[in-house]
Amino acid sequence: MPGSARSERGRYPYLDSPAGPSGRPQPLAFSHRGFAPEGGENTLASFGRAVDLGFGYLEIDVRASRDGVVMVFHDEELHRVTGTPGLVSARTAEELGGLQVGGGGGIPTLEDVLRRWPGLRLNIDVKSDDCVQPFADLVNRMAVHDRVLLASFSDRRRRRVLRLLDAPTASSAGMAVNALLKLLAPSGLAAPLARIAGVQALQVPETYRGVRVVTGRFVEACHAAGLQVHVWTINDREDMDRLLDLGVDGLVSDAADVLAACMTARSAWPQGSSLDR
């Protein structure tokens, strides 16, 4: 049976999970932008639906408002999900909170989410450079380093955040480091690169531009380097089971109900039973 990676257990509690029936750590299940099958992604309502399904991990995105508040929102522009023109960065937190996101409520602040569900763990993609300092300040002020996994497509931005944080915080690689680790994993050089880059997980698509990224050999090499492998965005039940059988450590899905059913069938659920609701 494939192994799994839980490097430096205790140093990054975010990545620790209880053992399942097989004795291996249970895989992590991430609800992508909450659960919003009818719209309203990255809202308190979508997060609440995911929590009600048993999720203890969410994948979310953050940007900074004009007045430097960390807002939970994916796009640079507002129009796609709010119908309002303009940039997130051009409006204050109060103004953003008053916009409706697909009928799911206003744009929440990250602090709102952290306080609403004190046991929830968040995989947070820092989407903009102007969010680096406010995000780090918030994590330090609330001392939620154990509840956060820092992500960004930009390794430069991700490293800037890590340098500002007061305590060890789990992080996944950006695009450049992901590519290097994929290249170096079979040679055994992934571990030193991961230490230098400050990453504990790779969050990757199963394929990228027609090239298969996630293979049994890749997963084994990452585990040998002490790295977890999380795969996005997996919405089909057969794909979920196949990847979990391959030994991946986590799945990110828009189909939270399907992923919850998959985890239940594998005796790895509920994940969020200890959350304060």
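The structure contained in this document is the topic of the report that follows. Since the structure is predicted, the reported quantities are computational estimates derived from the model, not experimental observations.

## Observations regarding the overall build of the protein
Okay, step 1: A count of helices and strands for the protein gives 11 helices and 11 strands.
Okay, step 2: Since a compact globule built from 277 residues should have a radius of gyration of about 19 Å, the 18 Å found for the protein is in line with a globular shape.
Okay, step 3: Seen through its C-alpha atoms, the protein measures out along the principal axes to roughly 50 × 40 × 35 Å.
Okay, step 4: Counting across all 277 residues of the protein, residues that qualify as buried make up 57%.
Okay, step 5: Accessible area for the protein stands at about 11,800 Å²; split by element, carbon and sulfur atoms hold 51% of it.
Okay, step 6: Counting 31 positive and 33 negative side-chain charges, the protein places the averaged centre of each group 5 Å from the other.

## A closer look at the nonpolar core
Note that soluble globular proteins tend to have their nonpolar side chains buried in a common cluster.
Okay, step 1: By size, the foremost hydrophobic cluster in this structure holds 68 residues, and its most contacted members are Val62, Leu110, Leu122, Phe135, Leu181, Val248 and Leu251.
Okay, step 2: Per-element tally for this core: the top contributor is helix H5 (residues 132–142), with 6 residues.
Okay, step 3: In this structure, leucine 181 is in contact with Ala173, Ala190, Leu193, Ala194, Val199, Leu202 and Leu227, ignoring residues within four places of it in sequence.

## Examining the pattern of salt bridges
Okay, step 1: Using the criterion set out here, one finds 16 salt bridges in the structure.
Okay, step 2: The partner of arginine 212 in a salt bridge is glutamate 206, and the shortest N-O contact between them spans 2.7 Å.
Okay, step 3: Residue glutamate 206 is classed as buried on the basis of its relative accessible area, which comes to 12%.

## Remarks on the packing of helix H10 (residues 237–246) against helix H11 (residues 256–265)
Okay, step 1: Direction vectors running N to C along H10 and H11 enclose 45°, while the axes themselves pass 10 Å from each other. It follows that H10 is oblique to H11 by the angle criterion. Crossing of H10 against H11: the hand is right-handed. For the pair H10 and H11, the contacting residues are Arg237, Met240, Asp241 and Leu244 in the first and Val258, Leu259, Ala261, Cys262, Met263 and Ala265 in the second.
Okay, step 2: Tallied by class, the residues present in the contact of H10 with H11 amount to 8 nonpolar, no polar and 2 charged.

## Looking at the environment of leucine 181
Okay, step 1: When you line up the elements, leucine 181 lands in helix H7 (residues 175–184).
Okay, step 2: Accessibility expressed as a relative area gives 1% for leucine 181, which makes it buried.
Okay, step 3: Linking leucine 181 and alanine 255, residues 74 residues apart in sequence, is a C-alpha distance of 28 Å.

## What about the side chain of histidine 74?
Okay, step 1: Among the structural elements, histidine 74 can be located in the loop between strand E3 (70–72) and helix H2 (79–82).
Okay, step 2: Side-chain polar atoms of histidine 74 contact the side chain of arginine 33, separated by 3.0 Å.
Okay, step 3: If we skip the residues at most four places from it in the chain, histidine 74 touches Arg33, Glu41, Asn42, Asp61, Arg63, Arg80 and Lys127.

## Notes on the pairing of strand E4 (residues 121–126)
Okay, step 1: For E4, the tally of buried residues reaches 5 of 6 residues, placing the bulk of the element in the interior.
Okay, step 2: Bridge count for strand E2 (residues 57–64) against E4 is 6 bridges, and the pairing is parallel. The residue bridging tyrosine 57 from the neighbouring strand is arginine 121, located in E4.
Okay, step 3: Of the crossover connections in this fold, the one passing from E4 over H5 to the parallel strand E5 (residues 148–151) is right-handed.

## Remarks on the environment of glycine 250
Okay, step 1: Position of glycine 250 relative to the elements: it lies in strand E11 (residues 250–253).
Okay, step 2: The class for glycine 250 is buried, based on a relative accessible area of 0%.
Okay, step 3: Taking the C-alpha atoms as reference, glycine 250 lies 15 Å from proline 270; in sequence the two are 20 residues apart.
Okay, step 4: Sequence-distant contacts of glycine 250, defined by excluding residues within four places in its chain, comprise Leu28, Phe30, Val229, His230 and Val231.

## Considerations on H10
Okay, step 1: Along H10, the positions that sit buried rather than exposed are Met240, Asp241, Leu243 and Leu244. Looking down the long axis of H10, one finds its buried residues gathered within 170° of arc, a one-sided arrangement.

## Focus on the packing of H5 against helix H6 (residues 155–164)
Okay, step 1: At a minimum axis distance of 9 Å, the contact between H5 and H6 shows a crossing angle of 35°. Pair H5 / H6 crosses with right-handed handedness. Residue-level inspection shows Val132, Gln133, Phe135, Ala136 and Asn140 of H5 in contact with H6, the latter providing Arg157, Arg160, Val161 and Leu164.
Okay, step 2: Looking at the contact of H5 with H6, its residues break down into 5 nonpolar, 2 polar and 2 charged.

## Re the side chain of serine 46
Okay, step 1: With respect to the helices, strands and loops of the structure, serine 46 is situated in helix H1 (residues 44–52).
Okay, step 2: Note on serine 46: relative accessible area 0%, which makes it buried.
Okay, step 3: Within polar-contact distance, the side chain of serine 46 engages the backbone oxygen of glycine 40 at 3.5 Å.
Okay, step 4: Among the polar contacts listed, one links the side chain of serine 46 to the backbone nitrogen of asparagine 42, at a separation of 3.4 Å.
Okay, step 5: With near-sequence residues (within four places) excluded, serine 46 lies in contact with Arg33, Gly34, Phe35, Ala36, Gly40 and Glu41.

What counts and what doesn't
Residues numbered from 1 in each chain as written. Predicted model: local features only at pLDDT ≥ 70, side-chain atom pairs only at ≥ 80, totals over all residues. Heavy atoms only, no water. Helix = DSSP H or I, 4+ residues; strand = E, 2+ residues; numbered from the N terminus. Rg over C-alpha atoms; globule rule 2.2 N^0.38 Å. Buried < 20%, exposed > 50% of the residue type's maximum accessible area, 1.4 Å probe, protein only. Areas by Shrake-Rupley, 256 points an atom, 1.4 Å probe, with all protein chains shown as cover. Lys, Arg positive; Asp, Glu negative; His and termini not counted. Charge placed at Lys NZ, Arg CZ, Asp CG, Glu CD. Core = buried A, V, L, I, M, F, W, Y, C linked by side-chain atoms within 4.5 Å. Contact = heavy atoms within 4.5 Å. Salt bridge = Lys/Arg side-chain N within 4 Å of Asp/Glu carboxyl O. Axes fitted to C-alpha atoms, helices over the stretch in contact; angles between N-to-C directions. Parallel < 35°, antiparallel > 145°, perpendicular 65-115°, else oblique. Left-handed = near helix turned anticlockwise from the far one by under 90°. Nonpolar A, V, L, I, M, F, W, Y, C, P; charged D, E, K, R; others polar. Polar contact = N/O pair within 3.5 Å; in protein donor to acceptor, adjacent residues only side chain to side chain. Pairing = 2+ DSSP bridges. Right-handed = clockwise from strand over helix to strand, strands pointing away. Arc of directions from axis to C-beta.

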